[in-house]
Amino acid sequence: MAATNDFSAANGLELSGFYAGIESLKNRFEQYRVYRRTLSELSALSDRELADLGMHRGMIRSIAMEAAYDNRAA
């Protein structure tokens with residue numbers, strides 16, 4: 001009987017680890033989507049529009065990285 005309970009507990013831990021891994025992949029993919037969307041939208045702006053926002057073209061990647069990966073709580 002103990003072996004059955006141990007197997008069930010181990011199986012449950014394996015599944016929870018699997019689901020945690022899937023959840024982690026989903027979160028990373030969503031962060032990447034935010035990065036790509038931010039990069040695309042800022043790249044589409046003209047130099048004048050970027051200047052109005054206080055940015056220049058060389059800042060776009062770092063801003064996109066910050067938007068996607070630094071706002072983990074959002």
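Above this text you will find the structure in question.
None of these values were measured; they are calculated from a predicted model.

A. Spotlight on the overall build of the protein. Each helix and strand counted, the protein has 3 helices and 0 strands in total. The helix and strand sequence of the protein, counted from the amino end, reads α-α-α. Sorting the 74 residues of the protein into buried and exposed places 14% on the buried side. Residue pairs in contact within the protein that sit at least 24 positions apart in sequence constitute 44% of those at least 6 positions apart. Accessible surface, the protein as shown: approximately 6,000 Å² in total, 57% of it carbon and sulfur.

B. Region of interest: the packing of aromatic side chains. What the rule picks out here adds up to 3 aromatic pairs. With 5.5 Å between their ring centres and 65° between their planes, F18 and Y19 make a pair best called edge-to-face. Residue classification places F18 among the partly exposed residues on the basis of a relative accessible area of 48%. Of the aromatic side chains, those joined through ring pairs into one cluster are Y32, Y35 and Y69.

C. Layout of the nonpolar core. Grouped together as the largest cluster of nonpolar side chains are 8 residues: Y35, L39, L42, L50, M55, I60, A64 and A68. At the level of elements, helix 1 (2-43) and helix 3 (60-70) are the ones that each hand at least two residues to this core. Excluding anything up to four places from it in sequence, L39 contacts I60, R61 and A64.

D. Quick look at the side chain of T38. The residue T38 is located in helix 1 in this model. The class for T38 is buried, based on a relative accessible area of 17%. Within the structure, T38 has its side chain in polar contact with the backbone oxygen of V34 (distance 2.8 Å). Ignoring sequence-local partners within four residues, the contact set of T38 consists of A64 and A67.

E. Summary view of the pattern of salt bridges. Enumeration over the complete set of coordinates arrives at 3 salt bridges. Among the ionic pairs, R33 bridges to E30, the shortest N-O distance being 3.2 Å. Of this pair, R33 and E30 both sit in helix 1, 3 residues apart, roughly one helical turn. By relative accessible area, R33 is classed as partly exposed at 39%. Look at E30 and you get partly exposed, because its relative accessible area is 37%.

F. Main features of helix 3. What helix 3 keeps buried is the set I60, A64 and A68. Along the axis of helix 3, the buried positions cluster into a sector of 50°, meaning they face one direction only.

Conventions we followed
- Residues numbered from 1 in each chain as written.
- Predicted model: local features only at pLDDT ≥ 70, side-chain atom pairs only at ≥ 80, totals over all residues.
- Heavy atoms only, no water.
- Helix = DSSP H or I, 4+ residues; strand = E, 2+ residues; numbered from the N terminus.
- Buried < 20%, exposed > 50% of the residue type's maximum accessible area, 1.4 Å probe, protein only.
- Contact = heavy atoms within 4.5 Å.
- Areas by Shrake-Rupley, 256 points an atom, 1.4 Å probe, with all protein chains shown as cover.
- Phe/Tyr/Trp six-rings, centres within 6.5 Å; stacked < 30°, edge-to-face > 60°.
- Core = buried A, V, L, I, M, F, W, Y, C linked by side-chain atoms within 4.5 Å.
- Polar contact = N/O pair within 3.5 Å; in protein donor to acceptor, adjacent residues only side chain to side chain.
- Salt bridge = Lys/Arg side-chain N within 4 Å of Asp/Glu carboxyl O.
- Arc of directions from axis to C-beta.

All we've got here are geometric facts, nothing functional implied.
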